[in-house]
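Listed below, chain by chain, are the residues.
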Amino acid sequence: MLLSDIMTRGAGEMFPSIIALLTLISVSCGQGPGLQVILTNKGLQYGKHVGAGWIQDRLNNITFPDISGKVLGAIHFTLTGITITKCDFPEPSVEFYQDATGFKTSMSGLSVALAGWWKTQFGIIHDGGSFNLAIFSVDVTSVVGLGKDADGRLSVTSVSCDANVGDVDMQFYGGASAIFKPFVKYFKGRIRGEIQRHICPKLEEAIVMIEEQLQAMNVSFDVDQDVTLEFPLTSLPVVNASSMNLGLKGEFYSIKHHEEPPFKPQLFAVPEQQGYMLSVGLSEFTLNSASYGYYLAGLFQALINDSVIPPSLHMHLNTSEMGPFIPQLPKMFPDLLMNLQVYARDAPLFSFQPGAIKLDFHGAVKAFAIQPNHTQTPLFNLNVDSDFSGKVWVADGKLKASMGMNNLTVTLASSEVGPFKTDAIEKVAKLGSTVFMAKVNEILGKGADLPRMKQVVPVNTVLQMDMGFIAIFSDAQVLTDGDFD
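Residues numbered from 1 in each chain as written. Predicted model: local features only at pLDDT ≥ 70, side-chain atom pairs only at ≥ 80, totals over all residues. Heavy atoms only, no water.

Trainee: Mind showing me how you'd approach the overall build of the protein here?
Mentor: Each helix and strand in the protein was counted, giving 7 helices and 22 strands. Within the protein, the fraction of its 485 residues that count as buried is 43%. Counting every atom, the protein has about 24200 Å² of accessible surface; 57% of that belongs to carbon and sulfur. (Helix = DSSP H or I, 4+ residues; strand = E, 2+ residues; numbered from the N terminus. Buried < 20%, exposed > 50% of the residue type's maximum accessible area, 1.4 Å probe, protein only. Areas by Shrake-Rupley, 256 points an atom, 1.4 Å probe, with all protein chains shown as cover.)

Trainee: What is the right way to read the sheet that holds strand β1 (residues 35-40) from this model?
Mentor: Here we have 6 strands laid out as an open sheet, ordered β10-β11-β1-β13-β22-β21, and antiparallel in their pairing. The sheet is open, and its two edges are formed by β10 (238-239) and β21 (456-466), each paired on a single side. Where β10 and strand β11 (residues 243-248) come together, 2 bridges link them in antiparallel fashion. Bridging from a neighbouring strand, Val-239 pairs with Met-244 of β11. Of the strands in this sheet, β1, β13 (278-283) and β22 (469-478) are in contact with helix α5 (residues 284-296), which crosses β13 at around 50 degrees. (Pairing = 2+ DSSP bridges. Contact = heavy atoms within 4.5 Å. Axes fitted to C-alpha atoms, helices over the stretch in contact; angles between N-to-C directions.)

Trainee: Help me understand helix α7 (residues 423-446) in this model?
Mentor: An α-helical segment advances 3.6 residues per turn. Residues three or four places apart therefore align on the same side. For α7, with 24 residues, the first-to-last C-alpha span of 35 Å sits near the 34 Å given by 1.5 Å per residue. The complete set of buried residues in α7 reads Ile-425, Glu-426, Ser-433 and Met-437. Against the buried residues of α7 lie β18 (376-395) and β19 (398-415). Trailing α7 by a residue or two, Gly-447 shows a phi angle of about 80 degrees, which is positive. (Expected span 1.5 Å × (residues − 1).)

Trainee: Can you help me understand the nonpolar core in this one?
Mentor: Most often, soluble globular proteins keep nonpolar side chains buried together rather than apart. Counting residues in each nonpolar core, the largest one holds 32 residues, and the members touching the most others are Leu-79 and Ile-191. The set of elements that each furnish at least two residues to this core consists of α2 (41-58), β3 (75-88), β5 (102-122), β6 (125-148), β7 (154-173) and α4 (184-215). Ignoring sequence-local partners within four residues, the contact set of Ile-191 consists of Ile-67, Phe-77, Leu-79, Leu-133, Val-168 and Met-170. (Core = buried A, V, L, I, M, F, W, Y, C linked by side-chain atoms within 4.5 Å.)

Trainee: Before we go on, may I ask you to explain the pattern of salt bridges in this structure?
Mentor: Two side chains that carry opposite charge are able to pair once their charged atoms sit near each other. The tally for this structure, following the rule as stated, stands at 9 salt bridges. Residue Lys-42 pairs with Asp-475 through a salt bridge whose shortest N-O separation is 3.2 Å. Here Lys-42, found in helix α2, pairs with Asp-475, found in strand β22; they are 433 residues apart in sequence, far enough to count as distant. The residue Glu-230 makes a salt bridge to Lys-249 at a minimum N-O spacing of 3.1 Å. (Salt bridge = Lys/Arg side-chain N within 4 Å of Asp/Glu carboxyl O.)

Trainee: Is there a simple way to explain the sheet that holds strand β9 (residues 227-230) in this structure?
Mentor: Through backbone hydrogen bonds, the strands of a sheet pair up, either in parallel or in antiparallel fashion. Strand order in this open sheet of 3 strands is β8-β9-β12, and the pairing throughout is antiparallel. Each end of this open sheet is capped by a strand with a single partner; those strands are β8 (220-222) and β12 (251-254). For this sheet the average axis-to-axis angle between neighbouring strands, irrespective of direction, equals 25 degrees. One ladder, built from 4 bridges, connects β9 with β12; its direction is antiparallel. Each residue of the ladder has a partner; that of Thr-228, found in β12, is Tyr-253.

Trainee: I'm lost on the environment of Ala-100 in this one. Help?
Mentor: Residue position: Ala-100 is located in the loop between β4 (93-97) and β5. Its relative accessible area of 18% is what places Ala-100 among the buried residues. Residues Ala-100 and Val-159, 59 residues apart in the sequence, show an inter-C-alpha distance of 7.4 Å. Excluding its chain neighbours within four sequence positions, the residues that come into contact with Ala-100 are Val-143, Gly-145, Leu-146 and Val-159.

Trainee: Can you walk me through the packing of aromatic side chains in this structure?
Mentor: Both the distance between ring centres and the angle between the ring planes are used here to describe each pair of aromatic rings. Evaluation of the coordinates by the stated rule reveals 9 aromatic pairs. Measuring from ring centre to ring centre gives 6.3 Å for Phe-263 and Tyr-292, while their planes differ by 80 degrees; the resulting arrangement is edge-to-face. Of this pair, Phe-263 sits in the loop between β12 and β13 while Tyr-292 sits in helix α5, placing them 29 residues apart in sequence. For Phe-263, a relative accessible area of 19% puts it in the buried group. The structure contains a cluster of three or more aromatic residues connected by ring pairs, namely Phe-263, Phe-285, Tyr-292 and Tyr-295. A cation sits over an aromatic face here: Lys-391 above Trp-393, 5.6 Å from the ring centre. (Phe/Tyr/Trp six-rings, centres within 6.5 Å; stacked < 30°, edge-to-face > 60°. Lys NZ or Arg CZ within 6 Å of the ring centre and 35° of its normal.)

The values reported here are purely geometric and, on their own, carry no functional implication.
Shown next as structure tokens:
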């Protein structure tokens, strides 16, 4: 049981770190994923190395339960106050295991030296003292399978486990230890058997605990008060000899109107890059589902009135100042303030192409005259159609972008004041868009920090734009407490 606790604590730290790396980076049958996360062998080995180091640093703080039993059928013994005095903790080997769709972990040659106190009872005779215990050449092999539950959560199961303890050496001190020395071989056999018998069950208990934690995880969360993101697995994890691929739904919904968008996710394949620890594929479907969710939530609309016009422009939003654009308007409705209801006719849609991102926006403007009694009289409707192109990249640890407007057209959809030309309005709109895009690019050029999870930060990150998706390749660095000083 001593070594089984060491192994259990090791599994309890190593496996969760690996699982967290896979899930954080967690429906409907047959649906293609909107997000893909690929863990390469480089990432797996780094996670194993960090986990093994973490365990090694904390071995001296491990406490062990008492061990009690019988030898020779009548002598009761208890080993208590057990601590580690030395540990040769070889770094385990971890590999993707295609046969079980999971991982195979092996550790060979683990040796531990422990010290503690012994107590014995034989009838009314009680005795006690100290002891040293050395455990040599422990080999453990465990296979963990990965799957998904009915709700799309990642699941883990123990597929197989094999453990062998090479030898045990014990030395007793104090009390009548000299009397018990001839029986050391019986203690050794019992202790060796107890340790070997408990290693795999303890590992399996740790895996069950991880599974319980995974089942408690949410596969959706509210991004804000308007939209929620669902990210359950869409299929079983795909494991080969060099990587593991998780396909996630990656779909945004309006919280108030949980409605499927009028487009479906398209299959895409993120190129595997073994030179990086992690690859993430973001489809245009995921981004467009966010756009559709915000569209249903009513965020792509605004009311423009005279109060929002900056004083520095020395103009007002009224029928008189619209005269140069619509000559009949000030004659029909003289000196009346106006409201402009600006909104998207459809959800703005993004498309990803090699080296570029494109955006189509179909908007509309409804104009109203505000009567002296505060009622609104409809004037005209304009359609404003524009398309943009840009690029996204990673630099200095930040996600940066730039956008440019390719075209903007203004057409008259309907009018209560009669027909009029929109050329002059379109010219002013293009001029205003130029100023607006300059400010947008100033913000996009500053960039945003790449996402990180707790003490894991991305490093050496590159971004590649492809047809229908963006691929991000990155290494990761686990920060210790000292890195935050």
